Structures are given as structure tokens and as C-alpha cells.
Amino acid sequence: MDLPNLGRSRLISAGVADVDADLRKEVLLALGPRFVSVLAEPSRLRAIGIALHDESLQVRLVAVPLLGRLSSVNPAVAMPLLRRALLAIQRDLLTVDFR
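Heads up: these notes are all about the structure in this document. Computed from a predicted structure; not experimentally measured. (Residues numbered from 1 in each chain as written. Predicted model: local features only at pLDDT ≥ 70, side-chain atom pairs only at ≥ 80, totals over all residues. Heavy atoms only, no water.)

## Brief notes about the overall build of the protein chain
Secondary structure assignment for the protein chain yields six helices and zero strands. In the protein chain, the succession of α and β elements from N to C terminus is α-α-α-α-α-α. Its C-alpha atoms give the protein chain a radius of gyration of 14 Å, within 12% of the compact-globule value 13 Å for 99 residues. Summarising its shape, the C-alpha atoms of the protein chain cover approximately 55 × 30 × 20 Å along the three principal directions. Within the protein chain, the fraction of its 99 residues that count as buried is 34%. Relative to all contacts within the protein chain whose residues are 6 or more apart in sequence, the contacts with residues 24 or more apart total 58%. Taken as a whole, the protein chain presents about 6,400 Å² of accessible surface, with 62% of it coming from carbon and sulfur. For the protein chain, the separation between the mean place of its 13 positive charges and that of its 10 negative charges on side chains is 7 Å. (Helix = DSSP H or I, 4+ residues; strand = E, 2+ residues; numbered from the N terminus. Rg over C-alpha atoms; globule rule 2.2 N^0.38 Å. Buried < 20%, exposed > 50% of the residue type's maximum accessible area, 1.4 Å probe, protein only. Contact = heavy atoms within 4.5 Å. Areas by Shrake-Rupley, 256 points an atom, 1.4 Å probe, with all protein chains shown as cover. Lys, Arg positive; Asp, Glu negative; His and termini not counted. Charge placed at Lys NZ, Arg CZ, Asp CG, Glu CD.)

## Describing the side chain of serine 56
Note that serine 56 resides in the loop between α4 (42–49) and α5 (57–71). A distance of 3.3 Å separates the side chain of serine 56 from the backbone nitrogen of glutamine 58, its partner in a polar contact. Once you skip the residues sitting within four places of it in the chain, serine 56 turns out to touch Ala21 and Arg24. (Polar contact = N/O pair within 3.5 Å; in protein donor to acceptor, adjacent residues only side chain to side chain.)

## Quick notes on the pattern of salt bridges
This structure, assessed with the given rule, holds four salt bridges. Of the charged contacts, one joins arginine 24 and aspartate 54 as a salt bridge, the two residues approaching to 2.7 Å between their closest N and O atoms. Here aspartate 54 lies in the loop between α4 and α5 and arginine 24 lies in helix α2 (residues 21–30), a separation of 30 residues in the sequence. Close ionic contact of glutamate 41 with arginine 44 constitutes a salt bridge, the shortest N to O distance being 3.4 Å. One network of salt bridges, in which partners are shared, links Arg24, Asp54 and Glu55. (Salt bridge = Lys/Arg side-chain N within 4 Å of Asp/Glu carboxyl O.)

## Side note on the nonpolar core
Among the nonpolar cores identified, the biggest contains 22 residues, and Leu28, Leu39, Ile48, Leu52, Leu66, Leu67 and Leu70 are the most heavily contacted of them. Sort the elements by how many residues they give to this core and α5 lands first, with six residues. (Core = buried A, V, L, I, M, F, W, Y, C linked by side-chain atoms within 4.5 Å.)

Taken by themselves, the reported measurements are silent on function.
The following block contains the structure:
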């Protein structure tokens, strides 16, 4: 891996793992459409996939459409991440007592 790619990967990993939820959200928001081809690499997709399980709802709400866009470029990696997140949401909804 060359240095610019290594730098991008580390920035993405550090951004989605930061302790500040607002910073995590802003990092994901900054990864707009012009970065789709760069973000579609499997290791970067997996790093973004971590955000699907973030403690902050705002971060998760930004991560879902981002991974949705990336799924058209690399569905083999993005779709399983989205599928697992949807199954986790379904499981959580089924275990909640709405009384």
C-alpha cells in the first residue's frame, strides 16, 4: 500500500473511532460522493461499517446512506455490513417491550 492510501485508511479509521461523536459524524459527512471510489476499498468499507454500530444515533444515521452509496461500487463488502446492521436492529426491536 502506498503512503497516500495508508494515510487515507488511517484517517478514516481514526475518524470513525474517535471518542467525540460529533467528530465521528462530521468525518462521515465529509466523505461525500467524490470519495466513493476511494472508500469502496474493502478495508475502508469495513472501517466505515463500524459506524453502523456506533453508540450515537446521529453517527449511525450518517453511516447508513454512506454505505448504501458504496454498496453500488463494492456490494460484496458493503451489503453484508448493511445486512448485519439491519438484523441487529430487527433483533433489538423484537426484544423491546412496547407496553
